[in-house]
Amino acid sequence: QAQLVESGGGLVQAGGSLRLSCAASGRTFVSYTMGWFRQAPGKEREFVARIRWSGGSTSYADSVKGRFTISRDNAKNTVYLQMNSLKPEDTAVYYCNADPPLGGINYWGKGTLVTVSS
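As the structure is a computational prediction, the values presented were derived from the model and not from experiment.

Participant: Please explain unusual backbone geometry as it appears in this structure.
Facilitator: For residues besides glycine, phi is generally negative; the peptide bonds are generally trans as well. In this structure, N77 takes a positive phi of about 55° despite not being glycine. For S85, which is not glycine, the phi dihedral falls at a positive 50°. With respect to the helices and strands, the residue S85 is situated in the loop between β8 (78–83) and β9 (92–99). The class for S85 is partly exposed, based on a relative accessible area of 41%.

Spelled out as C-alpha cells, the structure:
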C-alpha cells in the first residue's frame with residue numbers, strides 16, 4: 001500500500017520555526033509533484049506549497065511566501081516543509097500530497113497538527 005506519513009507538527013510560539021516531513025512508502029514518488037496543504041478549524045483546505053519532481057520548480061501561497069520553504073529528497077522518498085516566522089494564522093492541520101505527472105491517483109497523508117500561539 002502506497003502511503004504518505006507526515007511528522008514534525010507541534011506547538012510553537014509566534015515567530016518560531018518547525019520543519020515538517022512527509023515520508024512516502026509503498027512506491028516511489030520521485031516523478032510526482034509533491035505538495036503541502038493545510039486546513040484550519042472551520043476553514044477549507046488550502047494550498048500551501050508545491051515542488052516538481054526535479055526540485056527546481058516551486059510554488060507558494062502568498063500567505064507563506066518568504067517564510068516557508070518546500071524541498072524534497074528523492075533518494076529518501078521524502079518531502080519537507082520548513083516553516084519560519086510562524087504566525088497564529090498558520091495554525092492548521094498540514095497535509096502532504098503526491099500528484100502523479102500524467103494523472104492518476106492522488107495520495108494524501110493523514111496530516112500533522114501545527115499550533116502557533118500568540
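Participant: What am I meant to see in the pattern of salt bridges here?
Facilitator: Opposite charge on two side chains makes pairing possible when the charged atoms of those side chains draw close. Applying the stated rule across the entire model yields four salt bridges. When the shortest N-O distance is used, the salt bridge between D90 and R38 registers 2.9 Å. Here D90 is found in the loop between β8 and β9, whereas its partner R38 is found in strand β4 (residues 33–39), with 52 residues between them in sequence. The pair formed by D90 and R38 is uniform in burial state, with each residue classed as buried. The shortest N-O distance in the salt bridge between D90 and R67 comes to 2.8 Å. In this pair, D90 is assigned in the loop between β8 and β9 and R67 in the loop between β6 (58–60) and β7 (68–73), connecting sequence segments 23 residues apart.

Here is what the cut-offs are and how they apply
- Residues numbered from 1 in each chain as written.
- Predicted model: local features only at pLDDT ≥ 70, side-chain atom pairs only at ≥ 80, totals over all residues.
- Heavy atoms only, no water.
- Helix = DSSP H or I, 4+ residues; strand = E, 2+ residues; numbered from the N terminus.
- Buried < 20%, exposed > 50% of the residue type's maximum accessible area, 1.4 Å probe, protein only.
- Salt bridge = Lys/Arg side-chain N within 4 Å of Asp/Glu carboxyl O.

Nothing here speaks to function; it is all geometry.
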